[in-house]
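Observations on the three-dimensional arrangement
Spelled out, the chains give:
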Amino acid sequence: MFLTIGSEGFRNIVTGTIDVGAPVVVFVGENGQGKTNILELVYLLCYGVSFRTRQNTVLITRGRSSCRIHGEFRTEEGYILPILVEIGPTSKEIFLNEKKIANRKELFSISPCIVFAHDDIQFVVGSPLLHRQFMNQILTLVDPLFLDSLRTYNRILTSRNEALKEAREDLLEVYDDQLADIAHQITVKRERMMDAFSSILRSTCEEFGFSGNVFDVSYRPSLRGDGKEELMRILRSERTQDLMVGFTRRGPHRDRLVFTMNGHPVPDYASTGEIRLLSLLLRVAQTTYVRESTGKTPILLFDDVLLELDPLKRRRVVEMIPHGRQSFFTFLPEEPILQVLGGGRSLVYHVVEGRIFPDETSQ
Ligand SMILES: Nc1ncnc2c1ncn2[C@@H]1O[C@H](COP(=O)(O)OP(=O)(O)OP(=O)(O)O)[C@@H](O)[C@H]1O
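An unreviewed UniProt entry lists the chain under the name DNA replication and repair protein RecF, with Winmispira thermophila as the source organism. Regarding the chain, the relevant UniProt record gives this comment under Subcellular location (unreviewed entry): "Cytoplasm".

Right under this line is the structure:
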């Protein structure tokens, strides 16, 4: 759990430190005041990157040349870990326990963190690129080696595509072999994860109060075969077509997911509210999957996502949030925030033009 968070020169947030040592922390404010920036700050402390941008310079307050983001994290064993992220125009340094770390992966073991964001509905109705992003996000949280496999795959894929454009059959022999090997590893990992994930999603739907399989998701690998050898045979047998188009037409870079509601494709049948609900249940299921796979309950960041649900569904989603860890919420002033406060300790802050004030009535 984070006990404090703070920043200097970060986006529109005014320099300072606030107490967040409670299971539920709420930020209330009008549009554009800095609520999402605060959630972004928490995410940066967990992963060393933003969930909104890969461009470090936009994180720095306009007109300044650097920023510092800091927090104190209390581990499950009770140790206090100071985390500091310093960002300059072309640099980023991360300090854990006052020691500079060489790789931001060292932060990953502290606490997983899951954002429930407005754009999450794109995982359901957006392009297959986002389906793959969804799977990759989950796998990276539970398997630190997955990101390396993905990078290797993309490197070999780029080389194979170049060889296809230049019709270098000698190189294609080598790349087919390498691509089949890594494609097999990625497909098997995605397949296993999605099997477990879809069964968790079904239980999540039941827990929510649905009877039967209201929402379901299934994995559709683009290159399916029994082992690496078969994938290689497929790549070779389809090489002529790949040479004609000049790129690799099949592989994990073309995988997709199919979302259904009562057996029908979600994008064609579901209402906006149902799509929003599914995107929230996907994140709840992701939280359960990460907890079951790593033994750690993620910190949850809810960025204004409950508004589109009717009050009953909103309450049910909130009741499903796992206890024992920390959740951060953002709300517009008129939203009924009391529904998320529950019985435990909670902190409510108002955000006005980047300034963060404690709510007098909830202290
Ligand atoms: N680098 C920066 N320097 C200064 N201000 C910035 C910077 N980046 C973003 N901002 C400002 O931060 C504000 C946006 O804050 P944020 O996205 O957190 O809003 P919000 O309170 O979550 O609003 P909404 O309810 O509309 O989502 C905007 O006014 C934006 O111009």
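What follows picks up the thread again.
Tallying each qualifying case throughout the model produces one cavity of 30 Å³ or more. Empty space within the largest cavity amounts to approximately 30 Å³. Lining the largest cavity, in full, are L223, I234, L235, E238, D242, R249 and R250. Looking at the lining of the largest cavity, its residues break down into three nonpolar, no polar and four charged.

Glancing now at the UniProt feature "binding site: ATP" (unreviewed entry) in the chain. Per the UniProt record, "binding site: ATP" (unreviewed entry) is annotated on G29, E30, N31, G32, Q33, G34, K35 and T36. Lining the largest pocket, from the residues named above, are T36. Mapped onto the secondary structure, Q33 falls in the loop between strand 3 (24–28) and helix 1 (35–47). Apart from the residues lying within four places of it in its own chain, the contact partners of Q33 are N12, V351, V352, E353 and G354. With respect to the helices and strands, T36 occurs in helix 1.

Their axes nearest at 8 Å, the elements helix 3 (residues 128–142) and helix 4 (residues 146–165) cross at an angle of 135°. In terms of their interaxial angle, helix 3 and helix 4 are classed as oblique. Residue-level inspection shows N136, L139 and T140 of helix 3 in contact with helix 4, the latter providing F146, L147 and L150. Taken together, the residues of the contact of helix 3 with helix 4 sort by class into four nonpolar, two polar and no charged.

Attention now moves to the pairing of strand 15 (residues 355–358). In this structure, strand 14 (residues 346–352) lies alongside strand 15, joined through four bridges in antiparallel fashion. What sits directly across from Y349, in strand 15, is P358. Between strand 14 and strand 15, which follow one another and run antiparallel, lie two residues, and E353 among them has a positive phi close to 45°.

Glancing now at helix 1. An α-helix turns once per 3.6 residues; consequently, residues spaced three or four apart project the same way. For helix 1, spanning 13 residues, the distance from its first C-alpha to its last is 19 Å, which sits close to the expected 18 Å at 1.5 Å a residue. Most of helix 1 is tucked away: 13 of the 13 residues are buried. Phi for G48, located one or two positions after helix 1, is positive at around 75°.

In this section: the sheet that holds strand 13 (residues 327–331). Read across the open sheet, the six strands follow the order 8-12-13-3-14-15; overall the sheet is mixed. The open sheet has two edge strands with one neighbour each: strand 8 (113–116) and strand 15. Strand-to-strand twist of the sheet, defined as the mean angle between neighbouring strand axes without regard to direction, takes the value 20°. Lying on the sheet, helix 9 (residues 272–294) is in contact with strand 8 and strand 12 (299–303); it crosses strand 8 at an angle near 175°.

Quick look at the pattern of salt bridges now. Applying the stated criterion across every chain, the model contains 25 salt bridges. Note that E40 and R52 form a salt bridge whose closest N and O atoms lie 3.4 Å from each other. Taken together, the residues E40 in helix 1 and R52 in the loop between helix 1 and strand 4 (67–74) connect sequence positions twelve residues apart. Across the pair D176 and R239 runs a salt bridge, and its minimum N-O distance is 2.8 Å. Remark: R239 occurs in helix 7 (residues 239–245) and D176 occurs in helix 5 (residues 169–208); sequence separation between them is 63 residues. D176 sits in the buried class, given a relative accessible area of 0%. When its relative accessible area of 8% is taken as the criterion, R239 is described as buried. Salt bridges sharing partners connect three or more residues here, namely R160, E169, E173, D176, R236, E238, R239, D242, R249 and R250.

Moving on, we come to the packing of aromatic side chains. Aromatic rings considered in pairs are described by the distance between their centres and by the relative angle of their planes. Tallied over the entire structure, the rule returns twelve aromatic pairs. Ring geometry for Y43 against F51: centres 5.3 Å apart, planes inclined by 80°, an arrangement best described as edge-to-face. By relative accessible area, which is 24% here, F51 ends up partly exposed. Ring centres of F329 and F331 lie 6.0 Å apart, and the angle between their planes is 15°; this geometry places the pair in the stacked category. By relative accessible area, which is 2% here, F329 ends up buried. Clustering of aromatic rings is evident, with ring pairs tying together Y43, Y47, F51 and F108. Lying over the aromatic face of F208, R316 brings its terminal NZ or CZ to 5.7 Å of the ring centre.

Our next topic: the sheet that holds strand 5 (residues 80–87). Sheet strands pair by backbone hydrogen bonding; their relative direction is either parallel or antiparallel. The strand order across the open sheet built from six strands is 2-1-4-5-6-7, with neighbouring strands paired in antiparallel fashion. The open sheet is flanked by strand 2 (16–19) and strand 7 (99–100), the only strands paired with a single partner. Sheet analysis places strand 1 (residues 2–8) next to strand 2, joined by four bridges and oriented antiparallel. If you follow G6 over to strand 2, its bridge partner there is T17. Where helix 1 meets the sheet, its contacts fall on strand 1, strand 4 and strand 5, and the angle it forms with strand 1 comes to roughly 110°.

Scoring rules and cut-offs
- Residues numbered from 1 in each chain as written.
- Predicted model: local features only at pLDDT ≥ 70, side-chain atom pairs only at ≥ 80, totals over all residues.
- Heavy atoms only, no water.
- UniProt positions renumbered as here; feature names shortened; annotations may be inferred.
- 1 Å grid on protein atoms, 1.4 Å probe; cavity = no way out; pocket = protein on both sides within 12 Å on 5 of 7 lines; lining within 4 Å.
- Points joined across faces, edges and corners; volume = space filled by probe spheres on them.
- Nonpolar A, V, L, I, M, F, W, Y, C, P; charged D, E, K, R; others polar.
- Helix = DSSP H or I, 4+ residues; strand = E, 2+ residues; numbered from the N terminus.
- Contact = heavy atoms within 4.5 Å.
- Axes fitted to C-alpha atoms, helices over the stretch in contact; angles between N-to-C directions.
- Parallel < 35°, antiparallel > 145°, perpendicular 65-115°, else oblique.
- Pairing = 2+ DSSP bridges.
- Expected span 1.5 Å × (residues − 1).
- Buried < 20%, exposed > 50% of the residue type's maximum accessible area, 1.4 Å probe, protein only.
- Salt bridge = Lys/Arg side-chain N within 4 Å of Asp/Glu carboxyl O.
- Phe/Tyr/Trp six-rings, centres within 6.5 Å; stacked < 30°, edge-to-face > 60°.
- Lys NZ or Arg CZ within 6 Å of the ring centre and 35° of its normal.

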